[in-house]
Each structure stands twice: as structure tokens, then as C-alpha cells.
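A closer look at the structure
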Amino acid sequence: MRRLKGEEVHYLPGARGVAGLFLMALLAGCGGSGGDESTRTEISTNAISFSAPAPDAATPATQVFTATFGDEIAHLAVVHSGAAISAVTSTMNGRTATITVEPVAPNTVGPGTYIGAVAVTGYTCADATCGKLAAGATSTVAVSYQVSPVVQFVTPYVETAGVADEVILRGVGFNRFLVEGVRFGDVAATAITQVNASEIRATHPALPAGDYPVRLVSSNHQGVVPTTATLRVRNPVVYAATTLAYPTAATEIRGLVYDAERTSLLAVTDAGGGSLIRYPYTGGAWGAPTEVAAGLRDVALSAAGTTLNGITSTTYVPIDPVALTIGTAITAPSMTTDSFLKSITVGNDDIGLITTGIAGSTPTTPYLYSPFTSALIAATVAINNASQGMSANGATAYLIQGDPTTTTDLPVYEYTTNGNGIATATFSLHQNGIPPVLARNETRLVMNGVRVYDQAETFLAVLPGTTGSVVLRPDGKRAYTYDRFAGGILTFDTSVDPGEVFPALGPVTPISGDPGQGVRMIISPDGGTLFIAGSNQIVVQPTPAL
Amino acid sequence: MIRNNLCMQVPLCVALSLASYVASAAELGRPTEPKAVQKTNFSLGLVASDSDTKDSTSNGTFGLSGIATMPIGDIVGASLSGTYSRSTARTSDVLLDVSSPDQTRPSCRFNNTELAASVFARWPTLGRVSASYGNGSLSSDCGDQSMFVTTGDDELGTDNYRLLAEAYLGNFTLGATHTSTELEDGPKLESDIFNATWYPINSLRVTLSGGDLYEQDTYGIEIEHQPEFMGDSLGVALGYTVVDREQEVGTISFSVIYHFGTKVELKTRDRQYR
């Protein structure tokens, strides 16, 4: 029936009132606040911690927690945040989810403290047809992850008992924690300077002989900061003047290393194509030398003294510093034809700097050897038959270039271990066959055996032109030259700038034998003994007391 | 238990009451409209909502919906509807990450599609009874492993059956809906919703609702307006619902609906076209 315009429809009396009461009654009848339990999600833990003792350590094991949720939960969402979490996986078993948290590899994030979270949210149907979901309770698991910094090396790793001095700590992650101090065993450093993330310079007080693990003191690091560095403090050894013969006659001394930890002397001669000789000193006497022919050109102890790094003309070879057993050789890649590996030093990061040579005035590429990757990597510069010298703290090396035909000065290069960069120094020279010599802490530098510079590469004065070899006392305040023409050892005060020429202190000190030609000289870390090696033999000579 | 029994029986009661009421009205010769749906019509809507759970995550949802309603004889009508919506959960409030504040946090996204068909009988001056079937699909993407509990993966199918009864009482409408939803490989959800609608003017509707999903009180209010200056073709609705539980869930929703070809007042649309 069509309704006419203006006609009103009449409803049952009180319909509106009935409707209102009806609705209110229904809503009241359906009242109920139950069901809260059925929408909850309970987790078995509120916090998870991971810890890796070093950036190169293995990835910590995964950790597991469970989430138990109510009957009405339709969907379980697991999300996470934080750089330290690699993945979160979950498996369902009834109303319980087993949730596995996998941390990232320590070397991915590096040293530091990281936090994150895993949030578990149960969702219920938000409407009658479950067309939408509504979040129930969210349970959050806090995740913390500490990747510890590590002190890898301390250099020099052998120190003299009773003498306070500065050493260099190398490692990783020093800037990711608050470094408040350095301890040598239980003894605190008297001063520290944090250079950057991988280097700290610390001064230890006078220590008795012993081995001291070197650790960082950090209040925001959980637990003891790991270390692989040990400072080995040794009593000074007083060597009597003597000579040490080569087991096999030689015509050239190629390398000379004093192993202060084990009181032995290591020499490389040209005998047999490159022999390595070890002279042990035990019980106050030099023992019988051992010799191995391995075609070596030079050797250098690793930063922790655990390996003797040797080079042949084309390969790097690791050598046991006591047994002299030769390890697996690694061939230098892409060498210039007819070039050869010439010399090796090792920085305080344990990376070796290897110079190269060639017959003729031709620049060739140096190499860096990394024990961490067991690889030789070519440097980005080419240097002409470079000779090198490294400071005892392993921080700096200088490379001087040129061959016998070179008459013009060429740039001198400086190698900085922290960063492994090779850059030109502020002066130029061409070499005369005497490698650069640096004081222990880089305070003095002697080039070509005669020209003395300070740490800022400011030229100070010259030593006698008849110098055959030179060493600096560890503190840099004395230079000792082997001067064949003067008849022995001359001493110079290099702590002052004398003007043009350093005057000798006192008379020449005769030595106990003739080392021969092509002399190389080194000084013991305590500064008490000179080792002078030439084509004939090795001369052990107490340092002049001047 | 008494409450539950009461709630379960209410839709049936409403339907019976409505039928009785219709019969009485017929006997009394009350004027009724002859057709359940005056003519076939289409509507398309945009829906946005924001749902916030206390001390947990919040969701933002945006979706599209469409419905076609057609007459089948005088008192019977049918409708087909489809819905797509996408929800994004905001997880920043529940995830801690002070060490990398700029790092993107994972979030959860839920996609929902649903198709439904309804058959109803309506007496435009008295009320309506309706039966519906819907099939829906939910999927989730939460970055990490997350899953629907019953299926063990990131998808969930649903089937729902719905009975609805409405009584038109002047400027009021009373309604009750019983919905039974079967979750894939899971339990069946039974819920009842009761509505009371008031039309202060013919282009404005205020609806109060109450329900018992999960045996938890659910209350809602929705205001829909169909402004005359838009030609009686566009409706705008704003609503708010709250689930009264320990972690209260509040949802505010907003929708815009365009009705194709039917320029009628809202009250008329509700009772003769939808």
C-alpha cells in the first residue's frame, strides 16, 4: 500500500521507550569482563644477553625463550629491533611458541655494547568475522650484546725490569668503551693516551721481572676486558764482550735480531744462499748455535715474539724463533721481473713491511704481510731499492731509496703502522747502504748512518762520515757508531742539538773482534749491549758507559 | 552461564518478535512498503581506522569496500559485498633500540580480503531479517617469523555465517546480529551484537552497539551523515569502539561511501536500499 503524502504511520504505543529499554536490557544481559587471560601472552624471560670475547670470535650461540599465549590469540607476531640481532625464528607447538634469537657475527658489528628487543604480540580477531586483527598484550624481551674490545699486542713486548717506560697497546674497539686505565697484571699504568680506536699509549711503572697481561680498565664493560697481549719484563742481561763465529763462513750479514725474551741472537747470512743462525744465551754463556739454510734475506720477530718472520727473494716464510722450523711459504704476488724481497720489519700491529729491490735504479713495490689473512698485499707506492728501519715500539718505519748509481736525492718515505700508510717524509736523500735507525719511541732518527733528525723530522746535526753502522740508545739520547777508522765504538749525545756536527763523548771504545765488512749493529732493549755483525763474525760488546 | 544462554537466544528472540510484530502489523493494516529493495544499487567506500591497544601496538587500517544490493521479488533482497583492507602495526613503542635509533624497525602488515553474500527479507516500515555467508582471507607479514596460530603459517582463511534481525521503530532501529566465524583449522567464534539506531534527522544516523566477542564487552558508537548538498549520494561515517578488557582496545574509524544512482535520504537508504 502506497503511503499518501502527509500521512503518518502509527506505531504501537510506547515503541521508542520499549526499544530503548530493550537495547539496554540486552547490553546489560551480555555484560561480562572475562576473557582477559585468554588474550595474554606470557614469555619465559624478560632479558637475553649475548657476549663475544672479541670481534673475530665465533658468533655466540643462539638463545631460546618461549611465549605461551591465551586461547583467543589468533596470530602471533614476533618482531625485533637492534643491530645485534641477526634473525628471530619461532616454532609453534600448541599454544606455546619457541622463539630463537640469533645474534649477528661479532665481526659484523664490531666491538661495542648493543641493545635491542624482541617483541611478541598476540593478535585477536577484532571483529565478529575476523576481518581485522587487534593487538593483545605485547611482551618484550630486552636483548643486550657485548662484543668486547681486545688488546692484541703490546710493543715493545719485552721491557727491562726496574725501568718505567711507555708502551703501545694495539687492538680493536678501544673507542667503543670508556677506557679509564690500563693494567699490567695488577699494576696500573701511570699514564695513558688513547690515540684512536686501535691504539693506546700507556706508561708502566718500574716493574719486577715477570709476565704481565695487559688489560684495559673500563667501567662500562661487563667483565674483564679480554687481552692476548703480555708484557714480558726481564732483568737486564750483562753480556761480556765476546765474538760469535758463523757456523758456516759467510761474506754478507743480511739480518740481525736480538730476542730479548729468550736471550738469543738471530742472524741471517748469505751462507748457503741465506742461512739463519740462532745463538742461545743461557746460564751466563752463549750456547752452540743452530743453523738452517732457507734462502733467507731477512728476518724480524713478530709483535708478540711468537714468530720469526722471514723472507726469501720471493716468499714470506714463518719460522719458529727457537726451533727454526720453517713454515709454509707465501709467494709475493705480481712481483716485478727480476725484483726480490729485500728487508722486513714488523709493526706493532703485527703486520710486516717488506721492501723490495732490483738490480738497477728502478722503483719496485713494497708489500705488507698480514698474519691475520696470511697474505702479502702490494703497497700502492713504488720505491727504489728501499732500505728500512722500524722503531722498537713498532709505530714508525722510515724507508730510504736509491741504488749505487743514484746521485740525486729521492723522497724518503715514512710508514705509519697505525693505518699502514706509506707517505713521503719532509726530506729527501739517497741511501748509502746504512739502513735508517730509530730510537725506541721515535724520538730520534738517523739516516744514512750520519744524519740525525728529531721526531718532527727536523734535522739536528751529523755524525762522523766514517760511520759504518749506528744504533740509538732506547731513550734516543745517545748514538753509538761503529767506526772502523776510529777503531771501535764512538758515543754521541743526541739529546741536544750541537749545531752542525755531533762531537764524540769520550774516547773510542775498542771492540773485542773485527766484525768484517757490511756491518750491522743492534742494541739490546736495556741498552746495555751492542751486537755488531759483519761478514766475519758477530761481536758482542757492552755499551760504552757514557 | 545464564548470561551466555541469554545472549545466544537473543537473536532468535528478536527474529521471532519481529515476525510476530510483522504479522500483527499486517493484521492491523499498517502501511508497509511492498519491496525489500527499491532497485538495484551499488555503493563504494573508503575505510580508514586506527586501533590502539593499551601498552601494546597500534594498527592503522585503510581499505576499500563495495556492495551491490538487488531486489528479489517484493520482500526479498540480496547483496554481494567485497572488502579489501590493509593494516599496519606500529611497533616502535614496544621495541627498544637506543644504539641505532635510525634503524628501521620491522612492522607487521595484515591484508584482509572478504567476499560476502546476503539474502534478506524486508518490510521497509517494519524491519528486516537477513542471513549471510562470507569468506575471508587474512595474511600477515611481520618481517620475522610470525604466524596464525591455527594454520602455523602467515595465512588464515575464514568462513562466517551471520543472522541479522532489525526492527524499524519510527526514528529508531533496533537490531541484533549473531555471527558464527570458523577460523581455518581453528575454533569457531560466536558473537552477538546489538544495535540501537536513532535518526535525529533523516540524513543523520547515530548508532550505539554492544557485543560480546570473546566474552568481552564491546561498545561502539557510530555517526553517519549523508549531507544533502552532496546530492544524497555520499555518506560520511565516524565511529569509535572499545573492547573493555584488561588491555583496552580502542578503535576510531572513518569512512566515506558513495552510492551510485540512488539519491535518497540516509534513513530511506537504510530501510529501502541497503
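Residues numbered from 1 in each chain as written. Chains lettered and ligands numbered in written order. Predicted model: local features only at pLDDT ≥ 70, side-chain atom pairs only at ≥ 80, totals over all residues.

What about the overall build of chain A?
Put simply, the rule reads: Helix numbers and strand numbers start at the N terminus; a helix is a DSSP run of H or I with at least 4 residues, a strand a run of E with at least 2. Put simply, the radius of gyration uses C-alpha atoms, and a globule should come to 2.2 Å times the residue count raised to 0.38. The burial criterion counts other C-beta atoms lying within 10 Å of a residue's C-beta, which is placed from the backbone; the residue is buried at 20 or more, exposed at 12 or fewer, and partly exposed between these limits. Once C-beta atoms are placed from the backbone, any two residues with those atoms within 7 Å are in contact.
In terms of regular secondary structure, chain A is built from two helices and 47 strands. Rg of the C-alpha trace for chain A: 36 Å, well past the compact-globule value of 24 Å for 546 residues, more than 25% over. If you line up chain A on its principal axes, its C-alpha atoms span 135 × 50 × 45 Å. For chain A, buried positions account for 48% of its 546 residues. Of the contacts made within chain A by residues no fewer than 6 positions apart, 54% connect residues no fewer than 24 positions apart.

Concerning the overall build of chain B
Across its full length, chain B carries two helices and 13 strands. Counting all 274 residues of chain B, 41% fall into the buried class. In chain B, once contacts between residues fewer than 6 apart in sequence are set aside, the share between residues at least 24 apart is 52%.

Points about the sheet that holds strand E4 (residues 108-123) of chain B
Hydrogen bonds between backbone groups are what pair the strands of a sheet, and the pairing can be parallel or antiparallel. Residues and elements named next belong to chain B. Stated precisely, the cut-off is as follows: Pairing between strands is defined by DSSP: at least two bridges between the two strands are required. Axes here mean lines fitted to C-alpha atoms, for a helix over just the part in contact, with angles spanning 0 to 180 degrees between N-to-C directions.
With respect to topology, twelve strands assemble into a closed barrel ordered E1-E2-E3-E4-E5-E7-E8-E9-E10-E11-E12-E13, the strand pairing being antiparallel. Sheet twist, expressed as the average angle between the axes of neighbouring strands with direction ignored, equals 20°. Both strand E2 (residues 58-72) and strand E3 (residues 76-90) contribute to a ladder of 15 bridges, which runs antiparallel. Pairing of Leu64 across the sheet is with Tyr84, part of E3.

Comments concerning unusual backbone geometry
For residues besides glycine, phi is generally negative; the peptide bonds are generally trans as well. Residue and element names in this part refer to chain A. Cis geometry marks the peptide bond from Thr155 to Pro156; its omega dihedral reads -10°. By the element assignment, Pro156 lies in the loop between strand E9 (150-155) and strand E10 (158-160). In the Ramachandran plot, Asp338 falls in the positive-phi region, its phi being about 70° despite a non-glycine side chain. Mapping Asp338 onto the fold places it in the loop between strand E27 (330-331) and strand E28 (340-346). The phi dihedral of Asn448 is positive, around 55°, even though this residue is not glycine. Positionally, Asn448 belongs in the loop between strand E39 (444-447) and strand E40 (451-454). A count of 21 C-beta atoms within 10 Å places Asn448 in the buried class.

Focus: the environment of Lys132(A)
The topology assignment puts Lys132(A) in the loop between strand E7 (112-125) and strand E8 (133-147). Separated by 316 residues in the primary sequence, Lys132(A) and Asn448(A) place their C-alpha atoms 83 Å from one another. Apart from the residues lying within four places of it in its own chain, the contact partners of Lys132(A) are Ala126(A), Asp127(A), Thr61(B), Ser85(B), Ser87(B) and Asn112(B).

Concerning the nonpolar core
This is how the line gets drawn: The term nonpolar core means buried Ala, Val, Leu, Ile, Met, Phe, Trp, Tyr and Cys residues held together as one set by C-beta atoms within 7 Å.
Grouped together as the largest cluster of nonpolar side chains are 155 residues, with contacts concentrated most on Ala74(A), Leu76(A), Val118(A), Leu169(A) and Phe531(A). Sequence-distant contacts of Ala74(A), that is, excluding residues within four places in its chain, are made with Tyr123(A), Thr124(A), Cys125(A), Cys130(A), Leu133(A), Phe148(B), Val149(B), Leu156(B) and Leu183(B).

As for the confidence of the model for chain B
Residues and elements named next belong to chain B. This is how it is decided: Confidence scores per residue from the predictor, reported as pLDDT, run from 0 to 100.
Summarising the model, chain B shows a mean pLDDT of 84, and 82% of its residues fall at 70 or more. Note on residues 1-33: pLDDT under 50 across the span, and 48 contacts to partners over four residues away in sequence or across chains. Scored as a whole, the predicted complex attains pTM 0.75, and scored at its interfaces, ipTM 0.84.

Overview of the environment of Thr203(A)
Residues and elements named next belong to chain A. Take Thr203: it is sitting in strand E15 (residues 199-204). According to the C-beta neighbour criterion, Thr203 is partly exposed, with 14 such atoms within 10 Å. The spacing of Thr203 and Asp165 is 38 residues in sequence and 5.4 Å in space, taken between C-alpha atoms. Not counting the four nearest positions on each side in its chain, Thr203 is found in contact with Ala164, Asp165, Glu166, Ala189, Thr190 and Ala191.

A word on the sheet that holds strand E36 (residues 410-416) of chain A
All names here are of chain A. Reading across the sheet, the four strands line up as E34-E35-E36-E37 and stay open at both edges, with antiparallel pairing between neighbours. At either margin of the open sheet sits one strand with a lone partner, and together these are strand E34 (387-390) and strand E37 (421-429). Each neighbouring strand pair of the sheet contributes to a mean axis angle of 25°, computed without reference to strand direction. As paired elements, strand E35 (residues 396-400) and E36 share four bridges and run antiparallel to each other.

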